[in-house]
Structures are given as structure tokens and as C-alpha cells.
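Remarks on the overall topology
The lines below spell out each chain.
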Amino acid sequence: MKAAAGELSDMWVLAVRSAKRIPRQPDLLIGFTVQPVMFVLLFVYVLGGAISTPGYSYVDYLIPGIIVQTMAFGGFVTALGLSEDLKKGLMDRFRSLPMSRSAVLTGRTLADVSTNVVQLVVVLVVGLLVGFDFKTGIGDVIAGIALLLLIGYSFSWVFAYLGLAASSPEAVNAYGFTIIFPLTFISSAFVPVDSMPSWLQPVAEHNPFTIMVNAVRGLFLGIPVGNDVWLATAWSIGIAAVFAALAIWRYRRVVAK
């Protein structure tokens, strides 16, 4: 019991340390809030007129996709922070302290939840201003928000692994946008899957981002999505479990050098 309390305390201290980085480097928060807002405005007012979404307006179709993409990239703060700590030798300092080693990673990913909440509020407010509207009850909306935060948390572990595996913060940016960014576009986030070339449709249909976006649309708009809510939850938990294991393995290799 005492050991568990110590681990939780260490995790909380490092989570607070990571969260305090945002006020000290406000450009990070600007980057994670301005970019999704730009995506909303560009897609709604520039590209929206050319994209057909039968049955509902494009803004209603778009906002769940934008939010899922935003949550997925929320872990960039963790990736950059871990990469910088490695570069500056701070990991060696942590290793010499009487603290839980796992707290370095769990604290970072926990801090991402707070930044994801900020991003979620910003995108939802902008979405409501440009015409988005919930079509379901408060229970489904809350469930959708909880799923989005779970998605964000799962991808925080993806970026935790990338931050430990990359050779520099610049490499983290390259890996993140090269690997994850295309996946968000080869999905139902921005356009219906059936509008894509026939050879690409199976890839988009089985893309976990498509399942996650469809699940959020179902919870926010009441669109029938079958088992997508449960599948999106399973994908999120699976991604978190796999990449948490990989991040811990990588962290042990790093601190052992």
C-alpha cells in the first residue's frame, strides 16, 4: 500500500511538472489549439462546399473527425518533452532520485489529459460557432467526450514511445506527421469512405481512425454505427496497452545505457 501511494505521488508530481510547461511555453498551447481551429475553418468554408455528405451538413460530419485527429496528436507534448529530457540528460537525474521509474512515463501521459481537455473545449466551441449541433442527449454526449479523452490518452503512449525512440525533438515531429497524419486522412474523418478510389476504400474502412470517428459521430449525432463504439474503445485500450509496453521497454533500455 505504501509503495503504491509513493508511485501515485511521484506520478502526480511529474504530471504537474509537465503541465506547468505549458504556461512557461505558451507557444505549445497555441500550436495545439490554433491548428485544429484552422482545420475547421478551412474545411468548412473552403472545402466543405465541394464535399457531399448526404443526410447531414458537412460541418456536423466534420467536427467529430477534427476532434479525433486533435486528440490523437495531443501526445506531441509528451513526445517532445521526453525527447528533450533525454537530450539534456534529465533521465539520468531521475534515475539517481528515490522515485518510481514508471512515474516518468505515467506522469507525462497523465498531463496530456489536461491539454486534451483544453483542445476538446476549443474545437467544440469553434464547431458550435460555425454551425455544429449535437443531435443526441446529454448521456451520449458525455460518453462521446469520455471516448475522445480515452483516444487521446491511448495516443499519448504512442507518442511516449516515439519520444523515447527518436534521436531528437525534430525527429519526433517527422515521425509523428509521417506515420500518424496520413492515417487520419485515409479514414472517414474528412470525407465519406465511399468517395475514395475503390482500391483505397478497404484500407480506410479498416483504419482504426475510421472506427473511432464513426463512433464519436454516433454518440454526437445519433447516426447508427453498429458496434463501432465498443470497437473504438477496444482499439483505444489495445493501442494504449501495446505502446505502454513498448514505451516502458524503450525507457528501460535508455536509462540502462
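Model, not experiment: these values are computed from the prediction.

Looking now at the pattern of salt bridges. Following the criterion strictly, the structure yields one salt bridge and no others. The shortest N-O distance in the salt bridge between Asp60 and Lys135 comes to 2.8 Å. Linking Asp60 in helix H3 (residues 58–72) with Lys135 in the loop between helix H6 (103–129) and helix H7 (138–165), this pair joins segments that are 75 residues apart in sequence. For Lys135, a relative accessible area of 47% corresponds to the partly exposed category.

Turning our attention to the confidence of the model for the protein chain. Fine structural detail should not be taken from predicted coordinates in areas where pLDDT scores are low. When pLDDT is averaged along the protein chain, the result is 81; 79% of the residues meet or exceed 70. Taken element by element, the protein chain is modelled with least confidence in helix H1 (residues 2–24), mean pLDDT 56, and with most confidence in helix H10 (residues 208–221), mean pLDDT 95.

In a regular helix each residue adds 1.5 Å, so 17 residues correspond to 24 Å; helix H8 (residues 169–185) covers 24 Å between its end C-alpha atoms and thus fits that length. Largest kink in H8: about 30°, centred on Phe177. Buried residues of H8: Pro169, Ala171, Val172, Gly176, Ile180 and Thr184, and no others.

This next bit is on the packing of aromatic side chains. This model, assessed by the stated rule, comprises 18 aromatic pairs. For the pair Tyr56 and Tyr61, a centre-to-centre distance of 6.0 Å together with 15° between the ring planes defines the contact as stacked. Between Tyr153 and Trp157, the aromatic rings sit 6.4 Å apart at their centres with planes inclined by 90°, giving edge-to-face as the arrangement. Of this pair, Tyr153 and Trp157 both sit in helix H7, four residues apart, which is roughly one turn of the helix. Exposure remark for Tyr153: the relative accessible area of 28% places this residue in the partly exposed category. When its relative accessible area of 6% is taken as the criterion, Trp157 is described as buried. Grouping aromatic residues by their ring pairs yields a cluster made of Phe39, Phe43, Phe73, Phe159, Phe181, Phe185 and Phe190.

On to the packing of H3 against H10. Closest axis-to-axis distance for the H3/H10 pair is 9 Å, and the angle between their directions is 130°. Classified by the angle their axes make, H3 and H10 are oblique. Both H3 and H10 take part in a crossing whose hand is right-handed. Packed against H3, whose contacting residues are Asp60, Tyr61, Pro64, Gly65, Ile67, Val68 and Ala72, the element H10 presents Phe209, Met212, Val213, Val216, Arg217, Phe220 and Leu221 at the interface. Of the residues contributing to the contact of H3 with H10, the split by class is 11 nonpolar, one polar and two charged.

We now examine the side chain of Ser236. Following the sequence through the fold, Ser236 ends up in helix H11 (residues 228–256). Residue class for Ser236 comes out buried when judged on its relative accessible area of 0%.

Cut-offs and rules
Residues numbered from 1 in each chain as written. Predicted model: local features only at pLDDT ≥ 70, side-chain atom pairs only at ≥ 80, totals over all residues. Heavy atoms only, no water. Salt bridge = Lys/Arg side-chain N within 4 Å of Asp/Glu carboxyl O. Helix = DSSP H or I, 4+ residues; strand = E, 2+ residues; numbered from the N terminus. Buried < 20%, exposed > 50% of the residue type's maximum accessible area, 1.4 Å probe, protein only. pLDDT = per-residue confidence, 0-100. Expected span 1.5 Å × (residues − 1). Bend = angle between axes of the 7 residues up to and from the residue. Phe/Tyr/Trp six-rings, centres within 6.5 Å; stacked < 30°, edge-to-face > 60°. Axes fitted to C-alpha atoms, helices over the stretch in contact; angles between N-to-C directions. Parallel < 35°, antiparallel > 145°, perpendicular 65-115°, else oblique. Left-handed = near helix turned anticlockwise from the far one by under 90°. Contact = heavy atoms within 4.5 Å. Nonpolar A, V, L, I, M, F, W, Y, C, P; charged D, E, K, R; others polar.

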